[in-house]
Amino acid sequence: MKRVPSPQNLTGIWHGLYSYPHGRAPVSFVATLIEAGSTVSGTTHEPCDTGGRPNETLYATLLGRRQDSAVIFMKTYDGSNPNYGRVAYEGTLSADGTEIEGRWTVPGNAGKFLMIRSAGKAEAVTRKAFERA
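From a predicted model like this one, the values you see are computed outputs, not experimental measurements.

Cut-off values and rules
Residues numbered from 1 in each chain as written. Predicted model: local features only at pLDDT ≥ 70, side-chain atom pairs only at ≥ 80, totals over all residues. Heavy atoms only, no water. 1 Å grid on protein atoms, 1.4 Å probe; cavity = no way out; pocket = protein on both sides within 12 Å on 5 of 7 lines; lining within 4 Å. Points joined across faces, edges and corners; volume = space filled by probe spheres on them. Nonpolar A, V, L, I, M, F, W, Y, C, P; charged D, E, K, R; others polar. Pairing = 2+ DSSP bridges. Helix = DSSP H or I, 4+ residues; strand = E, 2+ residues; numbered from the N terminus. Axes fitted to C-alpha atoms, helices over the stretch in contact; angles between N-to-C directions. Core = buried A, V, L, I, M, F, W, Y, C linked by side-chain atoms within 4.5 Å. Buried < 20%, exposed > 50% of the residue type's maximum accessible area, 1.4 Å probe, protein only. Contact = heavy atoms within 4.5 Å.

**Comments concerning empty space enclosed by the protein**
If you walk through the whole model with that rule in mind, you get one cavity of 30 Å³ or more. The space that makes up the largest cavity amounts to roughly 40 Å³. Lining the largest cavity we find Phe29, Thr44, Leu62, Phe73, Lys75, Tyr89 and Met115. Residue classes in the lining of the largest cavity are distributed as five nonpolar, one polar and one charged.

**Description of the sheet that holds strand 6 (residues 86–93)**
The strand order 1-2-3-4-5-6-7-8 describes a closed barrel built from eight strands, whose pairing is antiparallel. Strand-to-strand twist across the sheet, computed as the mean angle between neighbouring axes with direction ignored, equals 30 degrees. Relative to strand 3 (residues 39–47), strand 2 (residues 27–36) is paired through seven bridges, and the arrangement is antiparallel. Considered in strand 3, the bridge of Thr32 is made with Thr43.

**A closer look at the nonpolar core**
Grouped burial of nonpolar side chains is what soluble globular proteins tend to show. Core analysis: the biggest nonpolar cluster contains 24 residues, and Leu10, Trp14, Tyr18, Leu33, Ile100 and Met115 have the highest contact counts within it. Listing elements by their share of this core, those giving two or more residues are strand 1 (12–18), strand 2, strand 4 (57–67), strand 5 (70–77), strand 6, strand 7 (99–106) and strand 8 (109–116). Element by element, the count of residues in this core is highest for strand 2, at four residues. Discounting chain neighbours no more than four positions away, the residues touching Ile100 are Leu10, Trp14, Leu33, Val71, Gly91, Thr92, Leu93, Phe113, Leu114 and Met115.

**Remarks on the pairing of strand 8**
Buried residues dominate strand 8, accounting for six of its eight residues. Bridge analysis of strand 1 against strand 8 gives four bridges, and the strand direction is antiparallel. Bridge pairing links Leu17 to Leu114 in strand 8. In this sheet, strand 8 lies alongside strand 7 in antiparallel orientation, the contact comprising eight bridges. For Gly102, the partnering residue across the bridge sits in strand 8 and is Phe113.

See below:
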């Protein structure tokens, strides 16, 4: 029997996509979130798209909070690539608890992101992101 994630808790594996405002290709990522009380923490991994070695993977930690449907967190890259530091994320959790959509910001730049929690359907992230663009 397939377990449906509870909209009351963000804990789980999320497949995401973030986009840039200036025509750069979107970047996919995988996030593991843990929600305890109102605190949200976790990790991400993603391909390096700027200034990295071929096939380089970037790792980051997440720390933030959720209040009702509002989700905010700071993503801090591990420091292995000097082109990546900290990114602020602010999003809204869908009513069914399976999507978080919002904006990311760094000094001087911002874009959109979408995260989907749906048992092995990472390709849906790409499809939904491009349908909304």
